[in-house]
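Chain by chain, the residues:
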Amino acid sequence: MAECARYVLWGSSGHAKVLASLIALCGGKVVALFDNNPNAVSVIPGVPLYVAKEGFARWYEGEQDRTNLYGLAAIGGAHGRDRLAVHEYFRMHNVRVEPLVHPHASVCQTALLGPGTQVLAGAVVASDAHLGEACIVNHRAAADHECVLGDGVHLAPGATLCGCVKIGNNVMIGAGAVVLPRVTIGENTVVGAGAVVTRDLPTGVVVAGNPARIIRNI
Ligand SMILES: CC(=O)SCCNC(=O)CCNC(=O)[C@H](O)C(C)(C)COP(=O)(O)OP(=O)(O)OC[C@H]1O[C@@H](n2cnc3c(N)ncnc32)[C@H](O)[C@@H]1OP(=O)(O)O
């Protein structure tokens with residue numbers, strides 16, 4: 001991140017608070033928040049909230065200095081597609097979308113992080129792990145060696161991917177879940193908190209338990 005980088009975040013919820021703290025720790029600051037919900041309020045003291053694309057347009061028009069602007073989707077949960085759409089919108093307005101890594105996370109120099117991927121405190125991204133765009137590696141989550149994650153993947157707090165795991169686009173791995181080595185998980189699937197995934201999973205299912213079993217389709 002550039003020194004004193006100015007950030008805009010889309011999403012005014014708990015995840016925005018986490019990102020704002022991290023941005024401040026890295027020497028940047030959040031200058032505006034956006035949310036699609038007309039009832040949303042700003043979760044960051046002193047930072048104005050604008051609603052939807054109309055709000056963004058209003059803010060953008062009034063912005064004197066549009067240089068050195070960075071944007072991130074502050075949307076957690078299983079909403080990888082929404083995060084990607086926000087990034088696309090930011091890029092259309094020359095707002096830069098880059099990875100953000102907490103100083104107390106460990107990202108191996110041979111790992112790759114896609115645009116706008118967020119690696120939070122205590123997280124680990126190990127050797128030759130490749131993460132797509134708009135992923136979240138939440139607090140204390142780990143993607144071990146040679147894992148390959150598509151776009152919009154969320155590893156919730158404490159989730160563990162063992163080595164060589166492959167994860168499709170927009171998958172969410174719930175808090176504290178474990179995925180055993182070399183397992184492949186199809187797009188859009190949700191793994192419940194605390195599950196242990198011992199076998200490959202198809203696209204578009206919700207699983208839970210140890211060993212993880214399908215509880216419904218999405
Ligand atoms: C910083 C942050 O907070 S990041 C956010 C992290 N969030 C998470 O990790 C949450 C992950 N989500 C879950 O674990 C969810 O419970 C899901 C996706 C597995 C299931 O959600 P839903 O489809 O809404 O299921 P629902 O809550 O209706 O439960 C269905 C059944 O599965 C059971 N169940 C739900 N979650 C789990 C779980 N994690 N492990 C075992 N069983 C579960 C329920 O007890 C219920 O059982 P019953 O039919 O016998 O009563």
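The name given to the chain in an unreviewed UniProt entry is Carbonic anhydrase, with Sulfurimicrobium lacus as the source organism. The annotation that UniProt attaches to the chain under Sequence similarities (unreviewed entry) is "Belongs to the transferase hexapeptide repeat family."

K.L.:
Explanation requested: the UniProt feature "domain: PglD N-terminal" (unreviewed entry) in the chain in the structure shown.
P.N.:
UniProt marks residues 8-84 with the feature "domain: PglD N-terminal" (unreviewed entry), using the numbering shown here. Measuring from the first to the last C-alpha atom of residues 8-84 gives 15 Å, for a span that is 36% helix and 23% strand.

K.L.:
Honestly, the UniProt feature "binding site: substrate" (unreviewed entry) in the chain in this entry has me stumped. Any pointers?
P.N.:
Per the UniProt record, the feature "binding site: substrate" (unreviewed entry) sits at Ser-13, Gly-14, His-15 and Gly-76. Taking the farthest pair of C-alpha atoms as the criterion, the annotated set spanning 64 residues converges on one region, since that pair is 9.0 Å apart. Here Gly-14 shows up in helix α1 (residues 14-25). Its place among the elements puts His-15 in helix α1. A relative accessible area of 10% places His-15 in the buried class. Excluding anything up to four places from it in sequence, His-15 contacts Ala-73, Ala-74, Ile-75, Gly-76, Gln-118, Leu-120 and Ile-136.

K.L.:
Could you clarify how one ought to interpret the sheet that holds strand β11 (residues 136-137) in this entry?
P.N.:
The strands that make up a sheet pair up through hydrogen bonds in the backbone, lying either parallel or antiparallel. Strand order in the open sheet formed by 8 strands is β5-β8-β11-β14-β17-β20-β22-β23, and the pairing between neighbours is mixed. Edge strands, defined here as strands with exactly one partner in the open sheet, are β5 (100-101) and β23 (213-217). Bridge analysis of strand β14 (residues 154-155) against strand β17 (residues 172-173) gives 2 bridges, and the strand direction is parallel. Note on β17: the bridge partner recorded for Leu-155 is Ile-173.

K.L.:
Looking at this structure, I do not really get the site of the ligand. What am I missing?
P.N.:
Around the ligand, the structure places 13 residues, and the nearest of them are Gly-174, Ala-175, Gly-192, Ala-193 and Arg-216. In the model, a nitrogen atom of the ligand is placed 2.9 Å from a nitrogen or oxygen of the Ala-193 main chain. The separation between an oxygen atom of the ligand and a polar side-chain atom of Arg-216 is 2.7 Å. Within the complex, 39% of the 970 Å² of free accessible area of the ligand lies under protein. Those elements giving two or more residues to the shell around the ligand turn out to be β22 (205-208) and β23. Of the residues belonging to the shell around the ligand, the class tally is 9 nonpolar, 3 polar and 1 charged.

K.L.:
It is not clear to me how the pattern of salt bridges should be interpreted in this structure. Could you clarify?
P.N.:
Side chains that carry opposite charge are capable of pairing whenever their charged atoms lie near each other. Here the structure, examined in full by the defined rule, presents 5 salt bridges. For Asp-65, the salt bridge goes to Arg-6, with nearest N and O atoms at 3.8 Å. Pair noted here: Asp-65 is in the loop between α2 (52-62) and β4 (69-73) and Arg-6 is in strand β1 (residues 6-10), with a separation of 59 residues, a long-range link. A relative accessible area of 36% places Asp-65 in the partly exposed class.

K.L.:
Before we go on, may I ask you to explain unusual backbone geometry in this structure?
P.N.:
What is expected of a backbone is that most residues other than glycine have negative phi and most peptide bonds are trans. Geometrically, the link from Asn-210 to Pro-211 is a cis peptide bond, its omega value of -5° lying close to zero. Counting through the fold element by element, Pro-211 comes out in the loop between β22 and β23.

K.L.:
Help me understand the side chain of His-87 in this model?
P.N.:
When you line up the elements, His-87 lands in helix α3 (residues 80-92). Using a relative accessible area of 0% as the deciding quantity, one classes His-87 as buried. Every residue in contact with His-87, bar those within four places of it in the chain, is listed here: Leu-72, Ala-73, Val-97, Pro-115, Gly-116, Glu-133 and Ala-134.

The rules behind each value
- Residues numbered from 1 in each chain as written.
- Predicted model: local features only at pLDDT ≥ 70, side-chain atom pairs only at ≥ 80, totals over all residues.
- Heavy atoms only, no water.
- UniProt positions renumbered as here; feature names shortened; annotations may be inferred.
- Helix = DSSP H or I, 4+ residues; strand = E, 2+ residues; numbered from the N terminus.
- Buried < 20%, exposed > 50% of the residue type's maximum accessible area, 1.4 Å probe, protein only.
- Contact = heavy atoms within 4.5 Å.
- Pairing = 2+ DSSP bridges.
- Near = heavy atom within 4 Å.
- Polar contact = N/O pair within 3.5 Å; in protein donor to acceptor, adjacent residues only side chain to side chain.
- Areas by Shrake-Rupley, 256 points an atom, 1.4 Å probe, with all protein chains shown as cover.
- Nonpolar A, V, L, I, M, F, W, Y, C, P; charged D, E, K, R; others polar.
- Salt bridge = Lys/Arg side-chain N within 4 Å of Asp/Glu carboxyl O.

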